[in-house]
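# Structural description and commentary
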Amino acid sequence: RVEGLEVRLPGQALPVLSNASLELRPGEVVGVCGRSGCGKSTLLHAVAGLVPWARPAEVRGRVVVAGEDVGDLDPGQRAHLFATCLDRPDAQLFLGTVRQELEAARRLHGETPLAARAAQTLGLVPFLDRRVTELSSGERQRLALAVTLAAAPKPVLLDEPTVHLDEDGVASLARVLGEVRDLGGSVLLAEQA
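Now for a quick tour of the structure. (Residues numbered from 1 in each chain as written. Predicted model: local features only at pLDDT ≥ 70, side-chain atom pairs only at ≥ 80, totals over all residues. Heavy atoms only, no water.)

Assignment of secondary structure puts Val30 in strand E3 (residues 29-34). Using a relative accessible area of 27% as the deciding quantity, one classes Val30 as partly exposed. Residues Val30 and Leu189, 159 residues apart in the sequence, show an inter-C-alpha distance of 6.3 Å. Leaving out residues up to four positions away in the same chain, Val30 has contacts with Leu24, Val187, Leu188 and Leu189. (Helix = DSSP H or I, 4+ residues; strand = E, 2+ residues; numbered from the N terminus. Buried < 20%, exposed > 50% of the residue type's maximum accessible area, 1.4 Å probe, protein only. Contact = heavy atoms within 4.5 Å.)

Here is the structure:
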């Protein structure tokens, strides 16, 4: 739940977000759409704690996850409550192979119902032993999404999840999001309109 969120970047007269509020319930996939620069990513980054911890800003309002006010928690401390996939998959893929990334997600999130199915639905099984650096941008995006969605039914934040995906990738993502919803998980995603 986000209550009265205001984010003001240094040197800016007007806030990027002003009095933003929303509630994401189990079993919901909610999209925030808008043009570039309207504050979609800032909203997700504020929920994830990247703003103000990794990106300086003045933040007011409340972010409550699973009944816990997370306003004073840094991104690492929030990580056990939800998972985040940024709009640049290279910023969150660190291991050598696809298999190693997926296994790390299983260790982090446990054997969730989607841990293996997300990788299969997103078409990653043929690439399990491929080096991450050898993947196309769309394949890296699919991998980052599979790693993040393995956290479901914990809440998931997706920042422009379709940016590098082709039509088949978008359809695969839609199927996985349907599975997250059916499991009682919740997703907040931001996309350009």
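Still more ground to cover, so stick around.
Take the nonpolar core next. Core analysis: the largest hydrophobic core is formed by 31 residues, its most contacted members being Leu143, Leu145, Leu149 and Leu158. Within the residue set of this core, elements represented by two or more residues are helix H4 (98-109), helix H5 (115-121), helix H6 (137-149), strand E7 (156-159), helix H7 (167-182) and strand E8 (187-192). Here this core takes six residues from H6, the largest share from any one element. Apart from the residues lying within four places of it in its own chain, the contact partners of Leu149 are Leu114, Ala118, Val156, Leu173, Val176, Leu177 and Val180. One finds Ala46, Val51, Leu157 and Ala190 within the second-largest nonpolar core, a separate group that totals 22 residues. (Core = buried A, V, L, I, M, F, W, Y, C linked by side-chain atoms within 4.5 Å.)

In total, this model carries 14 salt bridges according to the counting rule given. Between Glu58 and Arg60 there is a salt bridge whose closest N-O contact spans 2.7 Å. Its relative accessible area of 36% is what places Glu58 among the partly exposed residues. A salt bridge links Asp168 to Arg142; its shortest N-O distance comes to 3.5 Å. Linking Asp168 in helix H7 with Arg142 in helix H6, this pair joins segments that are 26 residues apart in sequence. Of the residues examined, Asp168 reaches a relative accessible area of 47% and is grouped as partly exposed. Connected through shared salt-bridge partners, Arg1, Glu3, Arg62 and Asp69 make up one network. (Salt bridge = Lys/Arg side-chain N within 4 Å of Asp/Glu carboxyl O.)

Moving on: the sheet that holds E8. Backbone hydrogen bonds are what pair the strands of a sheet, in a parallel or an antiparallel way. With parallel pairing, the four strands of this open sheet are ordered in space as E3-E8-E7-E6. At either margin of the open sheet sits one strand with a lone partner, and together these are E3 and strand E6 (83-85). Direction aside, neighbouring strands of the sheet carry axes that sit 15° apart on average. In the sheet, E7 pairs with E8 via four bridges, with the strands oriented parallel. Within E8, the residue paired with Val156 across the bridge is Val187. Where H6 meets the sheet, it contacts E6 and E7, and its direction lies at approximately 170° from that of E6. Packed on one face of the sheet, H7 meets E3, E7 and E8 and runs near 150° to E8. (Pairing = 2+ DSSP bridges. Axes fitted to C-alpha atoms, helices over the stretch in contact; angles between N-to-C directions.)

According to the stated counting rule, one finds zero disulfides in the structure shown. Note on Cys38: no disulfide assigned, nearest cysteine sulfur contributed by Cys33 at a separation of 9.1 Å. The structure places no disulfide on Cys85, whose sulfur is separated from the nearest cysteine sulfur, that of Cys33, by 16 Å. You can call Cys85 buried: its relative accessible area is 0%. (Disulfide = S-S within 2.5 Å.)

So, on to the sheet that holds strand E1 (residues 2-8). Strand order across the open sheet formed by four strands is E2-E1-E4-E5, with antiparallel pairing between neighbours. The sheet is open, and its two edges are formed by strand E2 (17-22) and strand E5 (68-69), each paired on a single side. The strands touched by helix H1 (residues 40-48) within the sheet are E1, E2 and strand E4 (58-65), with E1 carrying the most contacts at an inclination of about 110°.

Another point: the pairing of E4. One ladder, built from five bridges, connects E1 with E4; its direction is antiparallel. Its bridge partner being in E4, Arg8 is matched across the sheet by Glu58. Both E4 and E5 contribute to a ladder of two bridges, which runs antiparallel. Looking at the pairing, Val64 lines up with Asp69 of E5.

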